[in-house]
Amino acid sequence: MEESVLLINTPTTLALTVIALWLGYWINQRVSLLSRYNIPAAVSGGLPVSALVAVIQLIFDREIQFDLELRNLLLIAFFSTIGLSSRLRQLLAGGRAFGDHAGVGGGVFVVPEHRRHAAGVGAR
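Let me sum up the structure you'll find in this document. (Residues numbered from 1 in each chain as written. Predicted model: local features only at pLDDT ≥ 70, side-chain atom pairs only at ≥ 80, totals over all residues. Heavy atoms only, no water.)

Quick look at the overall build of the protein
In step 1: When you go through the protein residue by residue, the secondary structure sums to seven helices and two strands.
In step 2: When the helices and strands of the protein are placed in sequence order, the string is β-α-α-α-β-α-α-α-α.
In step 3: Residues classed as buried in the protein amount to 10% of the 124 residues present.
In step 4: Counting contacts in the protein only where the partners sit at least 6 residues apart, residues at least 24 apart contribute 52% of the total.
In step 5: Here the protein displays about 10200 Å² of accessible surface, and carbon together with sulfur accounts for 67% of that area. (Helix = DSSP H or I, 4+ residues; strand = E, 2+ residues; numbered from the N terminus. Buried < 20%, exposed > 50% of the residue type's maximum accessible area, 1.4 Å probe, protein only. Contact = heavy atoms within 4.5 Å. Areas by Shrake-Rupley, 256 points an atom, 1.4 Å probe, with all protein chains shown as cover.)

Below is the structure:
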């Protein structure tokens, strides 16, 4: 039997993530161990939703794929704004380890892509 794919569009994916988050808050309120160890609601809600998706895929022999275009956009926005709250004094407190890390990270942007692939950095 040929396996079919069910593609969940962006609005439905977003709605399901909100439901998973609410489920996580509900679970964290009732299971004190999760709150005590600071397990995020997204994790405690995402695990049962992931298990449900896996069971649905097994029962109906149908792959479920989610549209991740919004996720990619939100990841770019999130990681682009992380540095906005940093302070120079905190960055300097990182010392040489921070400088090394920033140098390697900055070097990836400076070196042309074809040279990075030749060196094995960022190879696909």
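Moving on from the model shown.
Digging into the packing of aromatic side chains
In step 1: Counted under the stated rule, the structure contains one aromatic pair.
In step 2: Between Phe 78 and Phe 79 the ring centres are 4.9 Å apart and the planes differ by 75°, which places this aromatic pair in the edge-to-face class.
In step 3: Residue Phe 79 is classed as exposed on the basis of its relative accessible area, which comes to 56%. (Phe/Tyr/Trp six-rings, centres within 6.5 Å; stacked < 30°, edge-to-face > 60°.)

Some thoughts on unusual backbone geometry
Most of the time, phi is negative for any residue but glycine, and the peptide bond is trans.
In step 1: The phi dihedral of Asn 38 is positive, around 55°, even though this residue is not glycine.
In step 2: Within the secondary structure layout, Asn 38 lies in the loop between α2 (32–36) and α3 (41–60).

Digging into a nonpolar patch on the surface
In step 1: Together, Leu 14, Leu 16, Val 18, Ile 19, Leu 21, Trp 22, Tyr 25, Phe 66 and Leu 68 give the surface a local cluster of nonpolar side chains, amounting to about 810 Å² of exposed area.
In step 2: Top element by residues in the nonpolar patch is helix α1 (residues 10–30). It accounts for seven residues.
In step 3: In this fold, Leu 16 is placed in helix α1. (Patch = residues over 30% accessible without salt bridge, like charges linked within 9 Å, V, L, I, M, F, W, Y side chains within 5 Å. Salt bridge = Lys/Arg side-chain N within 4 Å of Asp/Glu carboxyl O.)

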